[in-house]
Amino acid sequence: MSNTQINEHARFKLANNSVFIGIMKGLPVFVGYLPIGFAYGVLAMQAGFTAIETVLMSIMVYAGSAQFIGVGMVAAATGITTIILTTFLVNLRHLLMSASLAQRLSGKDKRKLALFSYLITDESFAVNSVWLRNNNDVAFRSLFSVNVTAYLGWISGSILGALVGAQPINVEKYGLDYALPAMFIILLIFQLENRKYIVLAIIAGVLSTLLSQVLSHNLHIIITTVLISALGVVISRWKPAVR
Amino acid sequence: METSSSLIWVIIGMAIVTYIPRVIPMIYLSDKELPSWLNEWLGYIPVTVLAALLFPILFMNDQQISFSQNPNLLAAIPTFIAGFLTKNIFVTVLVGMGSIVGIRLFMI
């Protein structure tokens, strides 16, 4: 067998490996999480966290926006009850994501699902949702690999941030703070299946922006998601042709 | 500034209240038959939650809604085009970060 044949063979085996496919799907999120995790790590160190505390929060909490808010509140000497309650509200949206994924993962081992759900984020949820919608028989192992890959990206970014965080660094100067909205933009594009989804996205976006003026703790996100998803159901009952 | 031992409790507390909403629907709904409207509703969550997360970031500038002189909104235009054309997360994030840096340079 020539060298190229061996390579072809190896590549074929790899491509068929469900873990490998999942890692490839998760890799862009891994890369996208590096600058955001880095920015978090820097801010945590500036707030007086030790490197271990900085990384430990990423490992245990693993929720970007809540970690930024949590670090800010610790720096402002906010009480522990307020911090924890705020975190709960900010992350309550995962309830909707978990429910949305659960229906497509019926019959899976509950212990594995419990572990899987620990790694649900806005981004891994978005990637896995599109994947499940386009392909009904994605292996659970592949979805899990997406989650673990993204998780490792977040932890790696946090470690890098913790390593350089002792020196003052301006995250805005390098555009690190825009990695998150940019990731939301591309993930939203992935969701826009047809005109109805585009309309729902615009209405949800406008409503969420308006509600953010009067609500705090990410409640505008939860209320918008609940209402505009319901609007989607109403529209398709009203006009069954538009699905 | 809190002492370090209480910071550990902050982290543990945050971890617990973050995990609860992530795990409960997964465990309780994964083997339930849901009515078709509820299933459909769950299917719209990815698009609505992402739009709800994204738009306030783009349209808010200095605590208020802003359509002009808003770097986040301006940078979204090339970022959106890059995303639409490439359908690639990595390229889109790079274009977004490059755009915001450029726009801030010109908008001092």
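Residues numbered from 1 in each chain as written. Chains lettered and ligands numbered in written order. Predicted model: local features only at pLDDT ≥ 70, side-chain atom pairs only at ≥ 80, totals over all residues. Heavy atoms only, no water.

Engineer: Looking at this structure, I do not really get the overall build of chain A. What am I missing?
Structural biologist: In terms of regular secondary structure, chain A is built from 12 helices and zero strands. Along its sequence from the N terminus, chain A presents helices and strands in the succession α-α-α-α-α-α-α-α-α-α-α-α. In terms of overall dimensions, chain A has C-alpha extents of about 60 × 60 × 40 Å along its principal axes. Going through the 243 residues of chain A one by one, you find that 51% of them count as buried. A sequence separation of at least 24 residues applies to 75% of the contacts in chain A between residues at least 6 apart. A total accessible area of about 10900 Å² is found for chain A, and carbon and sulfur atoms account for 67% of it. Side chains of chain A carry 17 positive and 9 negative charges; the gap between the two charge centres is 12 Å. (Helix = DSSP H or I, 4+ residues; strand = E, 2+ residues; numbered from the N terminus. Buried < 20%, exposed > 50% of the residue type's maximum accessible area, 1.4 Å probe, protein only. Contact = heavy atoms within 4.5 Å. Areas by Shrake-Rupley, 256 points an atom, 1.4 Å probe, with all protein chains shown as cover. Lys, Arg positive; Asp, Glu negative; His and termini not counted. Charge placed at Lys NZ, Arg CZ, Asp CG, Glu CD.)

Engineer: When you look at the interface of chain B and chain A in this model, what are you seeing that I'm missing?
Structural biologist: Often, the extent of an interface is quoted as the loss of accessible area on bringing the components together. In this assembly, 70 residues from chain B lie in contact with 103 residues from chain A. Both faces considered, chain B and chain A share a buried interface measuring about 7400 Å² in area, 75% of it formed by carbon and sulfur atoms. In terms of surface lost to chain A, no three residues of chain B exceed Arg-22, Met-26 and Ile-89 of chain B, which account for 11% of the buried area on that side. The tally of links from chain B across to chain A stands at three salt bridges. Residue Lys-110 of chain A pairs with Asp-31 of chain B through a salt bridge whose shortest N-O separation is 2.9 Å. Counting across the chain B and chain A interface gives 23 residue pairs in polar contact (both at pLDDT 80 or more). At the level of elements, helix H1 (4-29), helix H2 (36-59), helix H3 (71-86) and helix H4 (89-106) of chain B are the ones that each hand at least two residues to the side of chain B that touches chain A. In terms of residue count, the dominant contributor to the side of chain B that touches chain A is H2 of chain B (23 residues). Split into classes, the residues belonging to the side of chain B that touches chain A amount to 48 nonpolar, 15 polar and seven charged. (Buried area = accessible area lost by both parts, 1.4 Å probe. Salt bridge = Lys/Arg side-chain N within 4 Å of Asp/Glu carboxyl O. Polar contact = N/O pair within 3.5 Å; in protein donor to acceptor, adjacent residues only side chain to side chain. Nonpolar A, V, L, I, M, F, W, Y, C, P; charged D, E, K, R; others polar.)

Engineer: Sorry if this is basic, but what is going on with a nonpolar patch on the surface here?
Structural biologist: A surface patch of nonpolar side chains, amounting to about 550 Å² of accessible area, comprises Ile-198, Ile-202, Val-206 and Leu-210 of chain A together with Ile-65 and Phe-67 of chain B. With four residues, helix H11 (residues 195-211) of chain A is the largest single contributor of residues to the nonpolar patch. Relative to the helices and strands, Val-206 of chain A is located in helix H11. Exposure remark for Val-206 of chain A: the relative accessible area of 43% places this residue in the partly exposed category. (Patch = residues over 30% accessible without salt bridge, like charges linked within 9 Å, V, L, I, M, F, W, Y side chains within 5 Å.)

Engineer: Is there a simple way to think about the packing of H11 of chain A against helix H12 (residues 219-238) of chain A in this case?
Structural biologist: Relative placement of two packed helices is described by the angle separating their axes and the distance separating the axes. Residues and elements named next belong to chain A. Between H11 and H12, the least distance of the axes is 9 Å, while the angle of their chain directions is 150 degrees. By the angle between their directions, the pair H11 and H12 is classed as roughly antiparallel. The hand of the H11/H12 crossing is right-handed. The segment H11 lies against H12, with Lys-196, Leu-200, Ile-203, Ala-204, Leu-207, Ser-208 and Leu-211 engaging His-220, Ile-221, Ile-223, Thr-224, Leu-227, Ile-228, Leu-231, Gly-232, Ile-235 and Ser-236. Counted by class, the contact of H11 with H12 contains 11 nonpolar, five polar and one charged residues. (Axes fitted to C-alpha atoms, helices over the stretch in contact; angles between N-to-C directions. Parallel < 35°, antiparallel > 145°, perpendicular 65-115°, else oblique. Left-handed = near helix turned anticlockwise from the far one by under 90°.)

Engineer: I would appreciate a short explanation of the pattern of salt bridges in the present structure.
Structural biologist: Side-chain pairs of opposite charge can arise whenever the charged atoms involved come near each other. The full count for this structure, using the stated rule, is six salt bridges over all chains. The salt bridge partner of Glu-193 of chain A is Arg-133 of chain A, with a shortest N-O separation of 2.3 Å. One end of the pair, Glu-193 of chain A, is in the loop between helix H10 (179-191) and H11; the other, Arg-133 of chain A, is in helix H8 (residues 122-134), with 60 residues separating them in the sequence. For Arg-237 of chain A, the salt bridge goes to Glu-40 of chain B, with nearest N and O atoms at 2.7 Å. Placement of Arg-237 of chain A in helix H12 and of Glu-40 of chain B in helix H2 is noted, with the two residues assigned to different chains. For Arg-237 of chain A, a relative accessible area of 41% gives the class partly exposed.

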